[in-house]
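# A closer look at the structure
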Amino acid sequence: MINITFPDGAIKSYESGVTGLDIAQSISHKLAKEVVSVKVDDQVWDAHRPIVKDAKIQLFTFDDREGKDAFWHSSAHIMAEALEFFYPGIKLGIGPTVENGFYYDVDLPEGATLTDADFKKIEDKILELSRQNNPFIRTEVSKEQALKTFTDKGDEYKLELIKDLEDGTITFYQQGQFTDLCRGPHIPNTAYIKAAKILNIAGAYWRGNEKNKQLTRVYGITFPKQKMLSEYLEQLEEAKKRDHRKLGKELDLFTFSSRVGMGLPMWMPRGAQLRERLENFLKKVQKDFGYLPVITPHIGNKDLYVTSGHYAKYGADSFQAIHTPQEGEEYLLKPMNCPHHCEIFKARPRSYKDLPIRFAEFGTVYRYEQSGELHGLTRVRGFTQDDAHIFCRPDQLKEEFLKVMDIVLYIFRVLKFEDFSTQISLRDKDDRSKYIGSEENWEKAESAIVEAVNEKGIEAVAEYGEAAFYGPKLDFMVKDALGRKWQLGTIQVDYNLPERFELEYKGADNSMHRPVMIHRAPFGSMERFVAVLIEHTAGKFPLWLTPEQCVVLPISEKYNEYAKKVSNLLENYDIRSFVDERNEKIGKKIRDNELMRIPYLIIVGEKEENDQTIAVRKQGEGDLGVMSAESFAKMVQEEIDKVLVFNQI
RNA sequence: GCCGAUGUAGCUCAGUUGGUCAGAGCAGCUGAUUUGUAAUCAGCAGGCCGUGGGUUCGACUCCCUCCAUCGGCUCCA
């Protein structure tokens with residue numbers, strides 16, 4: 001007998017060799033049907049793998065992340081089995097789970113193609129194989145055995161994977177006629193899978209390296225219930241409705257033109273107003289934090305970027321140099337504001353008493369992003385950073401860093417970005433050649449960020465290889481409607497540029513010292529921030545930000561004059577208002593303005609004109625009843641004040 | 001940049017095996033209507049069927065080039 005400890009601390013005895021499934025069965029029949037994997041001490045196991053010694057266990061169903069992982073990973077194996085059926089000779093790369101579903105990277109046989117048209121038959125095959133109710137059988141194999149199996153199969157990708165594994169840790173899983181190298185865990189048998197959908201296909205480089213062969217990545221998702229699949233697909237459709245590219249068009253916020261150039265967004269009046277309001281909001285916050293505005297040109301002499309190191313790093317892959325009538329003279333579109341700001345710092349002698357100096361600029365920069373990378377407003381070739389550079393003494397670094405974090409967190413709070421993650425972006429562990437600057441400076445910069453994060457007590461994940469080439473960063477990541485992660489706010493510690501630009505200040509000891517720089521952008525870029533804001537709010541912007549706060553709708557043209565009077569009155573109360581004078585029925589006007597996400601609709605007709613009142617309707621909520629323009633104005637102001645309290649920083 | 005898909009009116013989409021197939025709804029314009037909380041009616045106008053080439057008696061439809069967009073990969077100062 002062995003002792004099994006449950007998550008609540010309860011301990012029960014079972015026969016040695018008991019499985020997670022058996023244990024679930026001993027609790028309830030329903031649970032036994034749903035359990036797909038089990039955590040045994042620190043490892044997640046197959047629910048059907050015998051446990052032979054005392055252990056702490058936790059049972060997982062599809063509702064748990066661990067359960068989904070086992071479920072989808074098993075599904076990837078079945079999909080691979082299906083693909084082998086349709087494409088004999090197919091070679092398999094890796095087939096992991098992702099947040100929603102799984103994929104398998106495959107190398108199709110010479111001449112074979114896989115397109116959307118093939119999805120249906122693959123889905124059907126997956127379900128057919130699932131119905132065979134094949135168990136997932138785990139076997140431990142020696143490295144030699146493993147190598148032989150895949151040498152015989154002629155799968156060089158698996159061989160490459162096995163070569164990196166340690167003998168004695170290698171396991172195979174088999175279901176039906178299909179065997180795969182796999183660590184597991186897997187679901188007990190294939191019949192758990194009741195619904196399957198191939199989502200899309202894409203090219204993916206083997207092991208993520210551009211120099212390697214590009215394999216075909218097949219994305220799919222499966223569920224234990226048909227209904228869950230249809231719900232998931234519906235949810236996807238809903239998410240697509242929030243896509244900022246779609247809403248940007250519908251709400252007249254921004255546009256692109258291939259004539260202007262790809263990845264070069266143009267802000268339309270409503271979008272420009274929204275952006276301007278965001279900028280003014282941040283300007284006010286920054287003013288309170290002691291930032292000083294600066295303005296720099298859109299181009300800079302090539303030498304500027306040679307000095308900064310940007311030219312060596314990105315010169316070849318950037319917009320190419322602008323030439324002048326002067327032989328040999330070259331200018332570049334600025335890809336960064338920092339070199340300019342460094343030159344402003346250098347413009348006159350600085351004393352330790354002046355520091356910290358904080359230069360802020362909404363600086364528009366141009367970067368030649370790869371064509372396949374462009375994506376609405378989130379990835380563009382011309383964008384405006386809410387940039388600032390703080391030049392401080394080393395002893396001021398931590399305090400300044402913390403203050404910047406306060407700004408970012410305040411902004412996220414005001415805009416209700418609650419679901420963000422924080423990432424410490426560090427150097428690549430293996431490849432240091434991508435970075436400039438001394439080991440010592442990097443270590444100082446990296447530890448400064450880690451210390452600041454610890455002090456602030458926020459949770460952050462360290463990501464290696466994500467640092468900028470001149471320094472580590474603290475990045476604030478937010479997801480879009482479809483769950484893609486984007487970096488918004490960023491704070492970077494930089495010892496390198498001050499060195500390259502030979503920045504100095506006179507210390508109290510009357511000798512020259514080198515300042516430390518903090519690069520920071522709470523929004524990141526106006527374009528990307530607005531994109532994410534659109535997706536988070538589905539276009540229903542906060543009242544203080546939205547281009548028009550209310551629209552006055554006359555019941556008929558007879559009340560246009562009164563409507564204009566009301567609108568003017570509201571404008572006098574600093575409420576952004578306009579009149580919908582179209583000769584349409586009130587229902588139509590309400591519909592159109594609701595679709596434009598105007599927060600308040602003011603309806604005026606005979607009654608209102610006689611009583612000198614307005615009927616207020618709130619977007620998404622409906623009729624709020626009749627009131628005076630004054631009390632409406634007060635209501636709006638209060639709603640805004642609730643959100644925009646600057647002293648709550 | 002790479003893999004795959006898509007590209008018909010301002011928007012959303014129809015268009016059968018290549019042969020009166022250039023269509024609809026919304027938006028726009030004109031007129032009627034003067035409207036009470038999510039689409040009033042009628043008429044009109046609107047398209048090098050992304051671009052350039054090719055196959056064919058004939059191409060929106062088949063093939064190729066390029067451009068742009070979408071989903072990924074790689075990249076992201």
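Residues numbered from 1 in each chain as written. Chains lettered and ligands numbered in written order. Predicted model: local features only at pLDDT ≥ 70, side-chain atom pairs only at ≥ 80, totals over all residues. Heavy atoms only, no water.

## Considering the packing of aromatic side chains
For clarity, the cut-off: Only the six-membered ring of Trp is used, alongside the rings of Phe and Tyr, when aromatic pairs are assigned; centres must lie within 6.5 Å, and planes under 30 degrees apart are stacked while those over 60 apart are edge-to-face, with the rest tilted. In this text, helices come from DSSP runs of H or I with a minimum length of four residues, and strands from runs of E with a minimum of two, each type numbered from the N-terminal end. Whether a residue is buried, partly exposed or exposed follows from its accessible area with a 1.4 Å probe, protein chains only, as a fraction of its type maximum: under 20%, in between, or over 50%, in that order.
Following the criterion strictly, the structure yields 25 aromatic pairs and no others. For the pair F412 and F476, a centre-to-centre distance of 5.9 Å together with 75 degrees between the ring planes defines the contact as edge-to-face. With F412 in helix α13 (residues 397-414) and F476 in strand β24 (residues 473-479), this residue pair connects regions lying 64 residues apart in the sequence. Here F412 and F476 have matching classes, each one buried. Connected via pairs of aromatic rings, a cluster forms that spans F412, F417, F420, F476, F523 and F529.

## Remarks on the protein's contact with RNA strand B
The following threshold applies: Near, as used in this document, describes a residue that has one of its heavy atoms within 4 Å of the molecule or strand being considered. Under the rule applied, a polar contact is a pair of N or O atoms within 3.5 Å (in protein, one hydrogen donor and one hydrogen acceptor; residues adjacent in sequence only if both atoms are side-chain atoms).
Around RNA strand B, 55 residues are found, and the nearest of them are Q214, M336, S371, E373 and N583. For RNA strand B, the fraction of protein-proximal atoms (within 4 Å) that sit in sugar or phosphate groups is 49%. One of the side-chain N or O atoms of N200 is found 3.1 Å from a sugar or linking oxygen in RNA strand B. Elements represented by at least two residues in the surface near RNA strand B include exactly β12 (195-205), β13 (214-223), α11 (310-314), α18 (586-595), α19 (606-611) and β32 (614-618). Of the residues forming the surface near RNA strand B, the biggest block, 7 residues, is contributed by α18.

## Focus: the nonpolar core
This is how the line gets drawn: Think of a nonpolar core as a cluster: buried Ala, Val, Leu, Ile, Met, Phe, Trp, Tyr and Cys residues, connected wherever their side-chain atoms sit within 4.5 Å. For each domain, the first and last residues come from an automatic or database assignment. Here, two residues are considered to be in contact whenever any of their heavy atoms come within 4.5 Å of each other.
Residues L278, I411, L415, I602 and F632 are the most contacted members of the largest nonpolar core, which totals 80 residues. In terms of residue count, the dominant contributor to this core is α13 (12 residues). Residue assignment places this core across two domains, with domain 3 (254-537) and domain 4 (550-647) each supplying three or more. Those residues in contact with I411 that sit more than four places away from it in its chain are F281, L282, P522, F523 and F529. Listed in part, the 57 residues of the second largest apolar core include V40, L108, L114 and A196.

## Some details on helix α20 (residues 629-643)
Using the following cut-off: In this analysis, the expected span of each helix is defined as 1.5 Å times one less than the number of residues it contains. An arc is given here, and it is the one of the directions from the helix axis to the C-beta atoms.
For α20, built from 15 residues, the straight-helix expectation of 21 Å at 1.5 Å per residue is met to within 8% by its first-to-last C-alpha distance of 22 Å. Inspection of α20 places A629, F632, A633, V636 and I640 among the buried residues, and these make up the whole buried set. All buried residues of α20 project into a common sector of 100 degrees when viewed along the axis, lining one side. Of the exposed residues in α20, the ones pointing more than 90 degrees away from its buried face are K634 and K642.

## So, unusual backbone geometry
Of note, the bond from G184 into P185 is cis; its omega dihedral lies within 30 degrees of zero at 0 degrees. By secondary structure assignment, the location of P185 is in the loop between β11 (178-181) and β12. Across the junction of L355 and P356, the peptide omega takes the value 0 degrees, indicating a cis bond. Its location among the elements puts P356 in the loop between α12 (338-346) and β20 (357-366). Of note in the backbone geometry, R207 takes a positive phi value of approximately 60 degrees without being a glycine. Mapped onto the secondary structure, R207 falls in the loop between β12 and β13.

## Comments concerning the domain arrangement of chain A
Under the domain assignment, chain A is made up of domain 1 (2-36 + 50-57), domain 2 (66-239), domain 3 (254-537) and domain 4 (550-647). Relative to domain 3, the C-alpha centre of domain 1 lies at a distance of 53 Å.

## Some words on the pattern of salt bridges
Quick note on the threshold: The term salt bridge refers to a side-chain nitrogen of Lys or Arg lying within 4 Å of a carboxyl oxygen of Asp or Glu.
In total, this model carries 48 salt bridges according to the counting rule given. Of the charged contacts in the structure, one is a salt bridge between K213 and D107, with a shortest N-O distance of 3.0 Å. You can see K213 sitting in the loop between β12 and β13 and its partner D107 sitting in strand β8 (residues 101-107), a full 106 residues away along the chain. Across the salt bridge formed by D124 and K120, the nearest N and O atoms sit 3.0 Å from each other. With a gap of 4 residues between them, D124 and K120 both fall in helix α4 (residues 119-131), about one helical turn apart. Overall, the relative accessible area of 35% leaves D124 in the partly exposed class. The network of salt bridges with common partners includes R358, E399, E400 and K403.

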